Amino acid sequence: MPGHEIAVDVDRAELFCCACGDQVYDRDFDAAVVLAQTAASTIGGNSSAAALIRCQQPENLRKRRRVDYRPWTPDLREQALVGNCSSPLESSNSGSDLPRGLRGMNNLGSTCFMNSVLQALLHTPPLRNYFLSDRHNRYYCQKMNGVNGNKNQNCLACDLDDMFSAVFSGAQTPYSPSKFLFSWWQHAANLASYDQQDAHEFFISMLDGIHEKAAKDRKPQSQGNGDCCIAHRVFSGILRSDVMCMACGFTSTTYDPCVDFSLDLEPSPGGSGKVASTKSNHSCNGEADCTSSGQNCRISTLMGCLDRFTRPERLGSDQKFFCQQCQVRQESLKQMSIRKLPLVSCFHIKRFEHSSVRKMSRKVDRYLQFPISLDMAPYLSSSILRSRFGNRIFPFDGEDEPDTSNEMSSKFELFAVVTHTGKLDSGHYVTYLRLSNQWYKCDDARITRVNENIVRAAQAYMMFYVQKMLYYKASEKLVTGEKEN
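None of the values given here were measured: they were computed from a predicted structure.

**Student:** Any details on helix α5 (residues 125-132)? Residues and values, ideally.
**Tutor:** Buried within α5 are the following residues: Pro 126, Leu 127, Tyr 130 and Phe 131. All buried residues of α5 lie within an arc of 120 degrees about the axis, which places them on one face of the element. Buried positions along α5 lie against α4 (112-122), α7 (156-167), α10 (230-235), β14 (344-350) and β23 (460-467). In the segment just after α5, Asp 134 is the residue with positive phi, at about 65 degrees.

Here it is in structure tokens:
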């Protein structure tokens, strides 16, 4: 505008209006700066950098197309099918004030690790909606795979479908997941025993079992895509790892799919050892001071653990990486971030430490403060890159489309907490479920109402958060169908 002098912040490569006293955003300027910085850090400023800048146009700054959610209403044909092929659920008014679907599970012999995870999965909203809407029909799956009713095909998804039907039938007596346990033993033969197992290891193994079966039934897809199976559609995300050369600034970026986030607890002051992550040598700003039994301690927070997880980490001299620009091994700076958020984020707290040097294992009995509502925006790759290169919009970030949907659906709500009490080899797992703002304690076959303070005081081992708002991407088939009509 006339009379408005524009200045350039050289350090941050941003525009500033002297008349308005505020930053100015210009699309072409911002796109050119980002492309130049990306080309310089990944190519080294050679002759091909100009070609990259020419081929990448600002038109890449496009937003992901979304459509409004439209609830499903059955037509006349579907109403007839529902009426002829289904029966109403029996009333669950048997003197119990527990909501439908909340049912205890019998301990089949040190299987509290399995019961605790299954309770969380049975009340995972996207997973629950998938199975209760008959998206995986066990009878149809057996028919398609040529399996009769007397032969077990070891399909964990079929066993989950059977479990959802039984748990949400309205029955109040404890359920025995023996069929699911047998199928899981067939998948994970190395864990087939009546010994106590790790709940997190069971969670990962079970998701792998569902994924492997789905991969056999159809053409395999990328795990990070999230469309290969229901397990990855719900829990799969993508991590971004940036390793920057401290000599020239060259950055090597890799993307890895994940189904959970394993976080380290900060060691207590005066403690003897380090936790598994090398990030423990940083100062911790996510701790709350407390005094207990005359000894000083610090209570970790979930946000503090996430801050340490995404904090830049200087790799030691024994971890030098080969710089493509310097053509020699250099010291580097590594930083993790979240490229794609899953629908349900599972946070695993590393409470079990194993030292090969001391030949011993121990459990970290420290409490963790966690919020009911969690905003994951500060830990996204887009937020971290903006803080690194300046407050700007990136037209591309290793994918074809920007992560606009990530930023709009970064708010999560807690609905399940798996806790562990006792020692490393003789502990007990319990799950706390949040249904309609009321907490319930699932201790194998026993289910009781509890206060929120009881949940916060428990030693959280796994926490499950679901996105508050789900954004629906336009389907090509839907768009085509609308045009044809």
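There is more to say, and it comes next.
**Student:** Go over helix α11 (residues 302-309) with me, naming the residues and quoting the values.
**Tutor:** Counting buried residues along α11, six of its eight residues qualify, which places the element largely inside the surrounding structure. Turning to α11, its buried residues are Leu 302, Gly 304, Cys 305, Leu 306, Arg 308 and Phe 309.

**Student:** Help me get a handle on the nonpolar core, residues and values and all.
**Tutor:** In this structure, Leu 118, Phe 180, Trp 184, Phe 202, Phe 203, Phe 235 and Phe 464 are the most contacted members of the largest nonpolar core, which totals 62 residues. Residues contacting Phe 202, with those up to four places away along its chain left out, are Phe 113, Met 114, Val 117, Leu 118, Phe 180 and Trp 184. Ranked by size, the runner-up nonpolar core spans 34 residues in total, among them Leu 368, Leu 414, Ala 460 and Tyr 465.

**Student:** So what about empty space enclosed by the protein? Which residues, and what values?
**Tutor:** Within the structure shown, the criterion is met by one cavity of 30 Å³ or more. If you trace the largest cavity, you find it lined by Cys 112, Asn 115, Ser 116, Gln 119, Tyr 429, Cys 442 and Asp 444. Residue contributions to the lining of the largest cavity peak at four residues, all from α4. Its residues assigned to classes, the lining of the largest cavity shows three nonpolar, three polar and one charged.

Criteria and thresholds
Residues numbered from 1 in each chain as written. Predicted model: local features only at pLDDT ≥ 70, side-chain atom pairs only at ≥ 80, totals over all residues. Heavy atoms only, no water. Buried < 20%, exposed > 50% of the residue type's maximum accessible area, 1.4 Å probe, protein only. Helix = DSSP H or I, 4+ residues; strand = E, 2+ residues; numbered from the N terminus. Arc of directions from axis to C-beta. Contact = heavy atoms within 4.5 Å. Core = buried A, V, L, I, M, F, W, Y, C linked by side-chain atoms within 4.5 Å. 1 Å grid on protein atoms, 1.4 Å probe; cavity = no way out; pocket = protein on both sides within 12 Å on 5 of 7 lines; lining within 4 Å. Points joined across faces, edges and corners; volume = space filled by probe spheres on them. Nonpolar A, V, L, I, M, F, W, Y, C, P; charged D, E, K, R; others polar.

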